[in-house]
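If you want the building blocks of each chain, they are given just below.
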Amino acid sequence: MSVHKSDVKKVTTHQLQNMKERGEKISMLTAYDFSMATILDAAGVDVLLVGDSASNVMAGHETTLPITLDQMIYHASSVVRGVNRAFVVVDMPFGSYQGNSSEALRSAIRIMKESGGHGVKLEGGAEIKESITRILSAGVPVMGHLGLTPQSIYKFGTYTVRAKEEAEAQKLLDDAQLLQELGCFAIVLEKIPSALAKRVAETLQIPIIGIGAGPDVDGQVLVVHDMLGINKEFKPRFLRRYADLHSIMTGAVQNYVKDVKSKDFPNEKEAY
Ligand SMILES: Nc1nc(=O)c2c([nH]1)NC[C@@H]1CN(c3ccc(C(=O)N[C@@H](CCC(=O)O)C(=O)O)cc3)CN21
Ligand SMILES: CC(C)C(=O)C(=O)O
Ligand SMILES: [Mg+2]
């Protein structure tokens, strides 16, 4: 009997909530394409994030700002086609939700309708309250994102750790509380002190997913190309490398080039 997609128990926001309550940590990685999504889903990753980091990792831009809503939908639809079990969250790109809740709702609905993703992620707190409220009212699950928010990099100028000062830490706590009250199903905390992240995870009921936020949160997220070692240059302290695919891929491709040049490839068995 063939295995249908519907035979696999899918991850839901409800299950993620249960995982927090049971103390089971949530695993999350980025994915931008079908092939990678297939591997990550089969390996048991709970949440796949179609991150706007695709702007850096896929397109080679310096920041996440240039990626468009159409491009995010293209990546997200590819990821969704590779997934059986994981919950797929799609980053709303810069300019698609800030400051105009009608446009935010339209953007979120386009993402859900055209990609088949299961929820969206927006960067910010009180400033984007109306946008989050409108999107949630349409029945679209929303993940928050506080701390280091790369879409506002030009406001800060650096990627240094956030919320080290008491005032900024208090604003982050207030924002996290607000996101929960609005109805967000989870929050990403990026590059903040572990003690503050721990306090947020303990105070809030919804799952808190960290990247550079220490161990005392409800789950972890990394950019998959970073943790697989495909990226060579990006090595912040929060990153753990689980493979050196850069070396493996370089070696394989060098061997291919050598075999083509030497006429070793293709041989008789590889020809008709
Ligand atoms: N490949 C990739 N991985 C990511 O984790 C990622 C992206 N791209 N693009 C979007 C955002 C940007 N992110 C970042 C960017 C820089 C640092 C960082 O720590 N940079 C420096 C330190 C900078 C400073 O202290 O001023 C480093 O140590 O590498 C962390 C997260 C996380 N996201
Ligand atoms: C780093 C994660 C949280 C993200 O937002 C992204 O990959 O775009
Ligand atoms: Mg992002």
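Residues numbered from 1 in each chain as written. Chains lettered and ligands numbered in written order. Predicted model: local features only at pLDDT ≥ 70, side-chain atom pairs only at ≥ 80, totals over all residues. Heavy atoms only, no water.

The name that an unreviewed UniProt entry assigns to the protein chain is 3-methyl-2-oxobutanoate hydroxymethyltransferase, with the source organism given as Pontibacter locisalis. Per its UniProt entry, the protein chain bears the Subcellular location (unreviewed entry) comment "Cytoplasm". For the protein chain, the Sequence similarities (unreviewed entry) comment in UniProt is given as "Belongs to the PanB family." (UniProt positions renumbered as here; feature names shortened; annotations may be inferred.)

(A) Examining the overall build of the protein chain more closely. For the protein chain, the count of helices and strands is 11 helices and 8 strands. Once the C-alpha set of the protein chain is aligned to its principal axes, its extents read approximately 70 × 45 × 35 Å. Counting every position in the protein chain, which comprises 272 residues, the buried fraction comes to 47%. Sequence separation of 24 or more characterises 58% of the internal contacts of the protein chain that already satisfy a separation of 6 or more. Of the roughly 14,100 Å² of accessible surface on the protein chain, 56% is carried by carbon and sulfur atoms. When the 30 basic and 32 acidic side-chain charges of the protein chain are each reduced to a single mean position, those positions are 2 Å apart. (Helix = DSSP H or I, 4+ residues; strand = E, 2+ residues; numbered from the N terminus. Buried < 20%, exposed > 50% of the residue type's maximum accessible area, 1.4 Å probe, protein only. Contact = heavy atoms within 4.5 Å. Areas by Shrake-Rupley, 256 points an atom, 1.4 Å probe, with all protein chains shown as cover. Lys, Arg positive; Asp, Glu negative; His and termini not counted. Charge placed at Lys NZ, Arg CZ, Asp CG, Glu CD.)

(B) Examining the site of ligand 2 more closely. Surrounding ligand 2, one finds Thr30, Leu49, Gly51, Asp52, Ser53, Asp91, Lys121, His145, Val188, Ile211 and Val223. Contact between ligand 2 and serine 53: an oxygen atom at 2.6 Å from a side-chain N or O atom of the residue. A distance of 2.8 Å is found between an oxygen atom of ligand 2 and a side-chain nitrogen or oxygen belonging to lysine 121. When isolated, ligand 2 has an accessible area of 260 Å², and the protein chains bury 95% of it. The class makeup of the residues in the shell around ligand 2 is 4 nonpolar, 4 polar and 3 charged. (Near = heavy atom within 4 Å. Polar contact = N/O pair within 3.5 Å; in protein donor to acceptor, adjacent residues only side chain to side chain. Nonpolar A, V, L, I, M, F, W, Y, C, P; charged D, E, K, R; others polar.)

(C) Highlighting the UniProt feature "binding site: Mg(2+)" (unreviewed entry) in the protein chain. UniProt marks Asp52, Asp91 and Glu123 with the feature "binding site: Mg(2+)" (unreviewed entry), using the numbering shown here. Spatially, the listed residues are clustered: although they cover 72 residues, their C-alpha atoms lie within 10.9 Å of one another. Tracing the sequence through the fold places aspartate 91 in strand β3 (residues 87-91). Here the side chain of aspartate 91 touches aspartate 52 through a polar contact of 2.8 Å, landing on its backbone nitrogen. Of note, glutamate 123 is situated in strand β4 (residues 119-123). Using a relative accessible area of 8% as the deciding quantity, one classes glutamate 123 as buried.

(D) Up close: the side chain of glutamine 151. Looking at the secondary structure, you find glutamine 151 in the loop between β5 (142-147) and α7 (153-156). For glutamine 151, a relative accessible area of 6% corresponds to the buried category. In terms of polar contacts, glutamine 151 uses its side chain to reach the side chain of tyrosine 97, at 2.8 Å. Among the polar contacts made by the side chain of glutamine 151, one reaches the side chain of glutamine 98 at a distance of 3.0 Å. If we ignore the near neighbours within four places in the chain, the residues touching glutamine 151 are Asp52, Thr64, Leu65, Met92, Pro93, Phe94, Tyr97, Gln98 and Glu123.

(E) Highlighting the UniProt feature "active site" (unreviewed entry) in the protein chain. Feature annotation in UniProt places "active site" (unreviewed entry) on Glu190, given in this structure's numbering. Taking relative accessible area as the criterion, glutamate 190 reaches 13% and is therefore assigned buried. Among all residues touching glutamate 190, those that are not within four sequence positions of it are His145, Leu146, Gly147, Leu148, Pro150 and Ile211.

(F) Seen up close, the site of ligand 1. If you check the shell around ligand 1, you find 17 residues, and the closest are Asn56, Glu190, Lys191, Val223 and Asp226. Contacts to ligand 1 include asparagine 56, whose side-chain N or O atom sits 2.8 Å from a nitrogen atom. In the model, a nitrogen atom of ligand 1 is placed 3.3 Å from a nitrogen or oxygen of the glutamate 190 side chain. For ligand 1, the accessible surface in isolation is 660 Å², of which the surrounding protein chains cover 75%. Looking at side-chain class alone, the shell around ligand 1 contains 9 nonpolar, 5 polar and 3 charged residues.

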